[in-house]
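# Observations on chain architecture
Chain by chain, the residues run as shown.
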Amino acid sequence: MNRFGFVVLALVAFQTSAFAQQGDASRGQQAFRICAACHSLEPDRNMTGPSLARLWGRKAGGLASFERYSDALNSSGIIWDDRSLDAWLTDPDRMVPDNEMPFEGIKDERARADLLAFLKEATKLGTAPPRTAQGPMGGMGGMMGGMMGGGQAPNLKTLDPTQRVTVITHCRDTYRVTTADGKTRHFWERNLRLKTDSGEDGPQSGAPAILQAGMTGDRADVIFAAPEEISKMIEPRC
Ligand code: HEC
């Protein structure tokens, strides 16, 4: 190879690695949608995974408000920065065996750089994008307001009448659920999931919410404000 050829190759190599380090934050924002199913960017708003607000410089497993860290992550000694996050997102299981993040990793270096470029800005305090899924998605017709928005759990503090449960009865293998609009629906008892959300997004005490679960229409979640409300609310009656 002549000298000119070498210089061109070196330049190409330099540009590629410079690109990879910079990353494209707007493409990264798209990629973050996968993460948003489990992670919010608002301080202490925890879902399946911990809030990622103020992530840079934080100790792994170190967010005090998150109750569900694995021992593995907790005792890893990792401090989150560009380099450690790149390794974590490449292959979480390789970096921290026995961690409990259900995510296999992003093998594409460019895609990771884009995501990190977005995260580095978006996790700074006061820069979190506004909540998109505020309240039930009325337009989709009451019960459909579940997790259809691609991640963010809807706030259940104010419910429309189609979602606000007033009575639940149980007879043999069947639940009958009546909502504030006066409608009653039947569910095979295995198709009705009883859940709680005692947090900011959970329902008011005494006003559980019903949300459709899955696509077939025969399943739903009823979400209560606290576990002790569940059996109190369900009347055995045929
Ligand atoms: C299906 C849910 C889920 C998805 C999807 C997911 N995570 Fe996680 N993530 C978790 C859980 C759960 C933990 C805690 C793991 C543990 O304690 O072992 C976690 C932990 C983390 C941590 C460590 C935080 C800390 O406080 O130490 C980071 C950083 C992280 N995830 C980033 C991401 C990014 C970026 C994505 C998207 C590419 C993503 N996660 C996708 C559930 C998820």
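Scroll up to find the structure.
One structure accompanies this document, and this report is about it. (Residues numbered from 1 in each chain as written. Predicted model: local features only at pLDDT ≥ 70, side-chain atom pairs only at ≥ 80, totals over all residues. Heavy atoms only, no water.)

## As for the overall build of the protein
Scanning the protein for helices and strands turns up 7 helices and 7 strands. Secondary structure of the protein in N-to-C order comes out as α-α-α-α-α-α-β-β-β-β-β-β-α-β. In the protein, which comprises 238 residues, the share counted as buried stands at 39%. Per element, the accessible surface of the protein, about 14,100 Å² overall, is 55% carbon and sulfur. (Helix = DSSP H or I, 4+ residues; strand = E, 2+ residues; numbered from the N terminus. Buried < 20%, exposed > 50% of the residue type's maximum accessible area, 1.4 Å probe, protein only. Areas by Shrake-Rupley, 256 points an atom, 1.4 Å probe, with all protein chains shown as cover.)

## Regarding unusual backbone geometry
Positive phi outside glycine occurs at Asp98, with the angle close to 70 degrees. Asp98 gets classed as exposed once you look at its relative accessible area, which sits at 65%. The phi angle at Arg172 is positive, at roughly 50 degrees, despite the residue not being glycine. Locating Arg172 in the fold gives a position in the loop between β1 (165–171) and β2 (174–179).

## Topic: the coordination of the iron atom of the ligand
At the metal site, the iron atom of the ligand is ligated by His39 (NE2) and Met101 (SD), and these contacts range over 2.0 to 2.1 Å. In this structure, the iron atom of the ligand is coordinated by 6 donor atoms arranged in octahedral fashion, with angles at the metal of 85 to 178 degrees. Placement of the pair is His39 in the loop between α2 (25–36) and α3 (71–74) and Met101 in the loop between α5 (92–95) and α6 (109–122), with a sequence separation of 62 residues. Looking at His39, the relative accessible area reads 12%, which means it is buried. (Donors = N, O, S within 2.8 Å, 3.2 Å for Na, K, Ca; no water. Tetrahedral: all angles 85-135°; square planar, octahedral: opposite > 155°, others 65-115°.)

## Some remarks on the sheet that holds strand β7 (residues 234–236)
With mixed pairing, the 4 strands of this open sheet are ordered in space as β3-β2-β1-β7. Every interior strand has two partners, whereas the edge strands, β3 (184–188) and β7, have only one. Averaged over all pairs of adjacent strands, the angle between strand axes in this sheet comes to 25 degrees, irrespective of strand direction. One ladder, built from 6 bridges, connects β1 with β2; its direction is antiparallel. Bridging from a neighbouring strand, Val165 pairs with Thr179 of β2. (Pairing = 2+ DSSP bridges. Axes fitted to C-alpha atoms, helices over the stretch in contact; angles between N-to-C directions.)

## Describing the nonpolar core
In this structure, Phe32, Leu41, Leu73, Trp80, Leu115 and Leu119 are the most contacted members of the largest nonpolar core, which totals 24 residues. For this core, the element with the most residues is α6, which contributes 5 residues. Each residue touching Leu119, except ones within four places of it in the same chain, is listed here: Phe32, Leu41, Leu52 and Trp56. Grouped together as the second largest cluster of nonpolar side chains are 13 residues, Ile168, Val177, Leu192 and Met233 included. (Core = buried A, V, L, I, M, F, W, Y, C linked by side-chain atoms within 4.5 Å. Contact = heavy atoms within 4.5 Å.)

## Considering the sheet that holds strand β5 (residues 209–212)
Sheet strands pair via backbone hydrogen bonds, and the direction of the pair is either parallel or antiparallel. Read from one edge to the other, the open sheet built from 3 strands follows the order β4-β6-β5, with strand pairing classed as mixed. Looking at which strands have only one partner, the edges of the open sheet turn out to be β4 (192–196) and β5. Direction aside, the axes of adjacent strands within the sheet are offset by 25 degrees on average. Judged from the 5 bridges that link them, β4 and strand β6 (residues 220–224) form a sheet pairing that is parallel. Residue Leu192 lies in a different strand from β6, and its bridge partner there is Ala220.

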